[in-house]
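Results of the structural survey
What follows is the residue order along each chain.
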Amino acid sequence: MIEITQYSDQTLHSAPRRIIRYTLFWCSSGSAEILIDENIFSLKTGQTVTITSGQFHQLRSVEGKLTALDFTLDFFCKSDSDIELIFHNGLFCHFGMNEMITVQHPEFFTQTLNRIEKEIQEKPYQYLISTHSLVELLLVEINRSKIANGDEIWKPDALFLKFLESVRDHFDKTYQVSQFADLLGTTEAKLNEVSKLHTNKTAQNVIYSLTVSEAKRLLLYEKLTVKEIAYQLGFNDPFYFSNFFKKHTTQSPKDYQKTVKI
């Protein structure tokens, strides 16, 4: 449900991995290079980056000290307010918009991660409750740091975030907006309303954006043919999938594989 891993002064060559967990990397000293989907991030001392569930990532190198915290959605999100906090100000963004964030109080951040690690290792009474609260403190500190660094406040809506999660969980079904509305106990009009509020896109176009992001990951990291990827994403016709991908990226799936090097 929740795990902490420490890395120190090493070059890592393991293959990119994908986990259905939310991951936070914290560089307490030195620097670290991390591949996330198709982008490389170079963290410096006092910086963090968050990775949403389902993204591919790989540590390229660590010159100093790096901490990785990862946890499941079920562990953290016990209420709508938890769901809104985990995505507040674009944290753990589903659209692959990862960013490096300079934390205003790095000592507090390191100390809080150390406390989480101790709780996980020793497992005292009600440790899952305490670690949940400590993760909340980390996310609040990141949000405060983003605001202090000049970012605008973006407050998400729990329904919209549940919609994003549901789309990710049903890529192979090619559900329509009305079907997602039924799954979430709401209306198609409401999904369109929250989608336009948060992305200026219709709910259907949000589905398209998430599908394209998933297609890119499969093309880069999975040993699958374009035909197999098409079927995995719910397209009955691989030719239609190729046209869909090109419409949204200006490249064919095969051209994308050739031009993006990881």
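These remarks concern the structure in this document. Please read all numbers here as calculations on a predicted model, not as lab measurements.

**Some thoughts on the overall build of the protein chain**
Summing up its helical and strand segments, the protein chain has 11 helices and seven strands in all. The C-alpha atoms of the protein chain give 19 Å as radius of gyration, which agrees with the globular expectation for 262 residues (18 Å, within 12%). C-alpha atoms of the protein chain, sized along the principal axes, occupy 50 × 40 × 35 Å. Counting the 262 residues in the protein chain, one finds 48% classified as buried. If you sum the accessible surface of the protein chain, you get close to 13,100 Å²; carbon and sulfur atoms cover 49% of it. Each charge sign in the protein chain was given a centre, from 28 positive and 32 negative side chains, and these centres are 5 Å apart.

**A short note on the nonpolar core**
Counting 61 residues, the largest nonpolar core has Leu69 and Phe71 as the members making the most contacts within it. Take this core: its biggest share by element is 10 residues, from helix 8 (residues 203-221). When sequence neighbours within four positions are dropped, the list of residues in contact with Phe71 reads Met1, Ile2, Arg21, Tyr22, Phe76, Ile86, Phe92 and Val135. Core analysis: the next-biggest nonpolar cluster, separate from the first, contains 14 residues, Ile34, Ile36, Leu59 and Val62 among them.

**Focus: the packing of aromatic side chains**
The full count for this structure, using the stated rule, is 16 aromatic pairs. Their ring planes at 75° and their centres at 5.8 Å tell us that Phe163 and Phe180 sit as a pair that is edge-to-face. Linking Phe163 in helix 5 (residues 158-169) with Phe180 in helix 6 (residues 177-184), this pair joins segments that are 17 residues apart in sequence. An aromatic cluster of at least three residues, connected via ring pairs, comprises Tyr208, Phe235, Tyr240, Phe241, Phe244, Phe245 and Tyr256.

**Looking at the packing of helix 8 against helix 10 (residues 238-249)**
Contact pair helix 8 / helix 10: the axes reach a minimum separation of 11 Å and the direction vectors enclose 105°. Relative to helix 10, the element helix 8 is oriented roughly perpendicular. In this structure, helix 8 uses Tyr208, Thr211, Val212, Ala215, Lys216 and Leu219 to contact helix 10, whose residues at the interface are Phe241, Phe244, Phe245, His248 and Thr249. A breakdown of the residues in the contact of helix 8 with helix 10 according to their chemical character gives seven nonpolar, three polar and one charged.

**Focus on the side chain of Ser145**
Among the structural elements, Ser145 can be located in helix 4 (residues 127-148). By relative accessible area, Ser145 is classed as buried at 0%. Setting aside residues no more than four positions away along its own chain, Ser145 makes contact with Ile101, Thr102, Val103 and Gln104.

**Re the pairing of strand 6 (residues 56-71)**
The side chains of a regular strand alternate, first on one face of the sheet and then on the other. With 13 of its 16 residues buried, strand 6 lies for the most part within the structure. For strand 2 (residues 17-18) and strand 6, the ladder comprises two bridges, and the chain directions are antiparallel. In the strand pairing of strand 6, Arg18 is matched with Phe56. Looking at chain direction, strand 3 (residues 22-36) and strand 6 are connected through 14 bridges and run antiparallel. In the sheet register, Cys27 faces strand 6, and the bridge partner there is Leu66.

**A look at helix 5**
With 12 residues, helix 5 should cover 16 Å at 1.5 Å per step; its first-to-last C-alpha distance of 16 Å lies within 8% of that length. With 10 of 12 residues buried, helix 5 lies mostly within the body of the structure. When we look at burial in helix 5, the residues that qualify are Ala158, Leu159, Phe160, Leu161, Phe163, Leu164, Glu165, Ser166, Val167 and Arg168. Structurally, the start of helix 5 carries an N-cap: the backbone nitrogen of Leu159 is 2.8 Å from a side-chain oxygen of Asp157.

**A word on helix 10**
With 12 residues, helix 10 should reach 16 Å at 1.5 Å per residue; the first-to-last C-alpha distance of 16 Å fits that figure. Listed as buried for helix 10 are Phe241, Phe244, Phe245 and Thr249. Within helix 10, the buried residues cover an arc of 110° as seen down the axis, which keeps them to one side. Exposed and oriented more than 90 degrees from the buried face of helix 10 are Phe239 and Lys247. Those residues of helix 10 that are buried lie in contact with helix 8, helix 9 (226-232) and helix 11 (253-259). A side-chain oxygen of the first residue of helix 10 lies 2.9 Å from the backbone nitrogen of Phe239; this N-cap is Asp237. Positioned one or two residues after helix 10, Thr250 has a phi angle of 70°, which is positive.

So, how was this worked out
- Residues numbered from 1 in each chain as written.
- Predicted model: local features only at pLDDT ≥ 70, side-chain atom pairs only at ≥ 80, totals over all residues.
- Heavy atoms only, no water.
- Helix = DSSP H or I, 4+ residues; strand = E, 2+ residues; numbered from the N terminus.
- Rg over C-alpha atoms; globule rule 2.2 N^0.38 Å.
- Buried < 20%, exposed > 50% of the residue type's maximum accessible area, 1.4 Å probe, protein only.
- Areas by Shrake-Rupley, 256 points an atom, 1.4 Å probe, with all protein chains shown as cover.
- Lys, Arg positive; Asp, Glu negative; His and termini not counted.
- Charge placed at Lys NZ, Arg CZ, Asp CG, Glu CD.
- Core = buried A, V, L, I, M, F, W, Y, C linked by side-chain atoms within 4.5 Å.
- Contact = heavy atoms within 4.5 Å.
- Phe/Tyr/Trp six-rings, centres within 6.5 Å; stacked < 30°, edge-to-face > 60°.
- Axes fitted to C-alpha atoms, helices over the stretch in contact; angles between N-to-C directions.
- Parallel < 35°, antiparallel > 145°, perpendicular 65-115°, else oblique.
- Nonpolar A, V, L, I, M, F, W, Y, C, P; charged D, E, K, R; others polar.
- Pairing = 2+ DSSP bridges.
- Expected span 1.5 Å × (residues − 1).
- Polar contact = N/O pair within 3.5 Å; in protein donor to acceptor, adjacent residues only side chain to side chain.
- Arc of directions from axis to C-beta.

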